[in-house]
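# Breakdown of the fold
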Amino acid sequence: MRRVSVFGATGSIGCNTVDLLQRQGGGDGFHVVALTGGRNIALLARQARALRAELAVTAYEEFLPDLRDALAGTGIEVAAGNRAIAEAAARPVDWTMSAIVGAAGLEPGLVSMRHGGILALANKESLVTAGDLMHREARKHGARILPVDSEHSAIFQALQGEDHAAIERIILTASGGPFRDWPLERLHEATPEQAVAHPNWDMGQRISVDSASMFNKAMELIETHEFFDVTPDQIEVLVHPQSIIHSLVGFVDGAVMAHLGPPDMRGAIGYALNWPDRAPLPLERLDLARIGRLDFEAPDETRFPAIRLAREVMRRGGLTGAVFNAAKEVTLDAFLDHRIRFTDMAVIVEKVLETMDRHHDLQDEMTDLQSVLAADAAARKRTTEAIASHQANRG
Ligand code: NDP
Ligand code: MG
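Note that the structure is predicted; figures quoted are calculated from it, not measured. (Residues numbered from 1 in each chain as written. Chains lettered and ligands numbered in written order. Predicted model: local features only at pLDDT ≥ 70, side-chain atom pairs only at ≥ 80, totals over all residues. Heavy atoms only, no water.)

## A word on the packing of aromatic side chains
Working definition: an aromatic ring pair is given by the centre-to-centre distance plus the angle between the planes. Applying the stated criterion to the full structure yields 8 aromatic pairs. For the ring pair Phe179 and Phe342, a centre distance of 5.0 Å and an interplane angle of 85 degrees mean the geometry is edge-to-face. Of this pair, Phe179 sits in the loop between strand 8 (167-174) and helix 9 (184-188) while Phe342 sits in the loop between helix 16 (320-336) and helix 17 (344-358), and the two are 163 residues apart along the sequence. An identical accessibility class is assigned to Phe179 and Phe342; each is buried. An angle of 45 degrees between the planes, with centres 5.7 Å apart, marks the rings of Phe215 and Phe324 as tilted. Placement of Phe215 in helix 12 (residues 215-228) and of Phe324 in helix 16 is noted, with a sequence separation of 109 residues between them. Accessibility classification places Phe215 together with Phe324 in one group, the buried group. Connected via pairs of aromatic rings, a cluster forms that spans Phe179, Trp182, Phe335 and Phe342. For Arg39, the ring lying beneath its charged end belongs to Tyr60, and the centroid distance is 4.3 Å. (Phe/Tyr/Trp six-rings, centres within 6.5 Å; stacked < 30°, edge-to-face > 60°. Helix = DSSP H or I, 4+ residues; strand = E, 2+ residues; numbered from the N terminus. Buried < 20%, exposed > 50% of the residue type's maximum accessible area, 1.4 Å probe, protein only. Lys NZ or Arg CZ within 6 Å of the ring centre and 35° of its normal.)

Dropping the structure here:
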């Protein structure tokens, strides 16, 4: 029986993954090794019972007693803390879902690749902050990283059976988010509540705000560069408000392959779960006649500077991705706390990238996980300072 673990099981991607595991037999179809979550202990316990997991882990030590109570008498092991999550990743499995949000998702993904096997990668921060390291570990242990982000799954599917040398360009689609047609003056005043209301996709809070600011697309540009080994110039962004075309690949002969589907992450998760086969998935079937039309427009990098910043990050390489991601996460927290404005996020991230480059704060070599975590920590400190001085200047 296939052994599987889900990191970030209680999140948006995690719940969809658990749903698919259940539809494909649950504890009878899979041997579920570890499920991990954060604060949502009741849900984690429910999932662990339903799938008869070996082990349930919460990221937070203070929730261990609750988790223990919730799973008392089931025989399911419990544990807490980041160490325990990394230890859970060290238990051998054939298939791992990496769906913890943020930089915290990096280590469990890296550790799980030591068994070879498949790493279904939703956590986009892993490739953005530590692409070199992820690839090195995968090669070393014969692990296979499969994309779960919908765009990258689309590209991956469009590339099946194709020769890498035949790729001319990759066209990454973007919904444009809830502020797609907002003028710049209005964007300054956008609130977190408005930013989380994504028109098409139902996602976690942080990634929803990242979609509104296009930092999500910026991360995905870097992710594309890392996943498919194409140059930054080969990647284009296309705004497509209906989110039906998940991305496209253009080949040297001028042909373009597009991947279409309803906006439901279970498509990409299910593809990674069943790869290299396809299995029936509970997705709404696409009815193009009903949809009627698909629209496209070029992205506006003046209102959404994150795209431009991503190109800069790819140009610099090394640990710049770790700095970019950390600065983005810290400014996102500040925006969610109403400490800075929506448009301040990109301004501050750009400033942090510039000052860290100028001061040569970055060790260029991505030697190991520690070098990535050090860059992440340094960038968080710089960003916190930059936010404070930004607030002081605004008085
Ligand atoms: P959610 O916020 O919905 O879920 C995050 C998961 O991680 C939850 O299980 C949460 O636990 C857990 N978690 C939170 N903080 C920590 C931490 N410090 N340590 C360990 N676990 C933690 O996120 P999403 O499911 O939306 O996204 C997960 C990843 O997938 C992200 O990297 C995102 O960018 C990526 N992704 C998401 C897509 C989507 O449609 N949602 C699409 C493409 C990529 P709890 O909730 O119990 O506190
Ligand atoms: Mg995506």
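## Section: the coordination of the magnesium ion (ligand 2)
For a metal with four tetrahedral donors the ideal donor-metal-donor angle is 109.5 degrees, while six octahedral donors give ideal angles of 90 or 180 degrees. Summarising the metal site, the magnesium ion (ligand 2) is bound by the protein donors Asp149 (OD), Glu151 (OE) and Glu220 (OE), whose distances to it range over 2.1 to 2.2 Å. We note that the donor set of the magnesium ion (ligand 2) lies within a single chain, spaced as D-x1-E-x68-E. Of this pair, Asp149 sits in the loop between strand 7 (144-147) and helix 8 (150-158) while Glu220 sits in helix 12, placing them 71 residues apart in sequence. A single burial state applies to Asp149 and to Glu220, both of which are buried. (Donors = N, O, S within 2.8 Å, 3.2 Å for Na, K, Ca; no water.)

## Describing the site of ligand 1
Of all residues adjacent to ligand 1, which total 26 residues, the nearest are Thr10, Ser12, Gly38, Arg39 and Glu125. Within the backbone of Ser12, a nitrogen or oxygen atom sits 2.9 Å from an oxygen atom of ligand 1. In the model, an oxygen atom of ligand 1 is placed 2.8 Å from a nitrogen or oxygen of the Arg39 main chain. Look at ligand 1: alone it shows 900 Å² of surface, and the protein chains cover 85% of it. Each residue belonging to the shell around ligand 1 can be placed in one class, and the counts come to 13 nonpolar, 9 polar and 4 charged. (Near = heavy atom within 4 Å. Polar contact = N/O pair within 3.5 Å; in protein donor to acceptor, adjacent residues only side chain to side chain. Areas by Shrake-Rupley, 256 points an atom, 1.4 Å probe, with all protein chains shown as cover. Nonpolar A, V, L, I, M, F, W, Y, C, P; charged D, E, K, R; others polar.)

## A closer look at a nonpolar patch on the surface
A cluster of nonpolar side chains, Leu260, Leu286 and Leu288, forms an exposed patch at the surface whose accessible area comes to about 220 Å². Mapped onto the secondary structure, Leu260 falls in strand 11 (residues 256-260). (Patch = residues over 30% accessible without salt bridge, like charges linked within 9 Å, V, L, I, M, F, W, Y side chains within 5 Å. Salt bridge = Lys/Arg side-chain N within 4 Å of Asp/Glu carboxyl O.)

## As for a negative patch on the surface
Together, Glu162, Asp163, Glu168 and Asp253 line one region of the surface with negative charge. Within the secondary structure, Asp163 is located in the loop between helix 8 and strand 8. Among the residues examined, Asp163 registers a relative accessible area of 51% and is labelled exposed. (Lys, Arg positive; Asp, Glu negative; His and termini not counted. Charge placed at Lys NZ, Arg CZ, Asp CG, Glu CD.)

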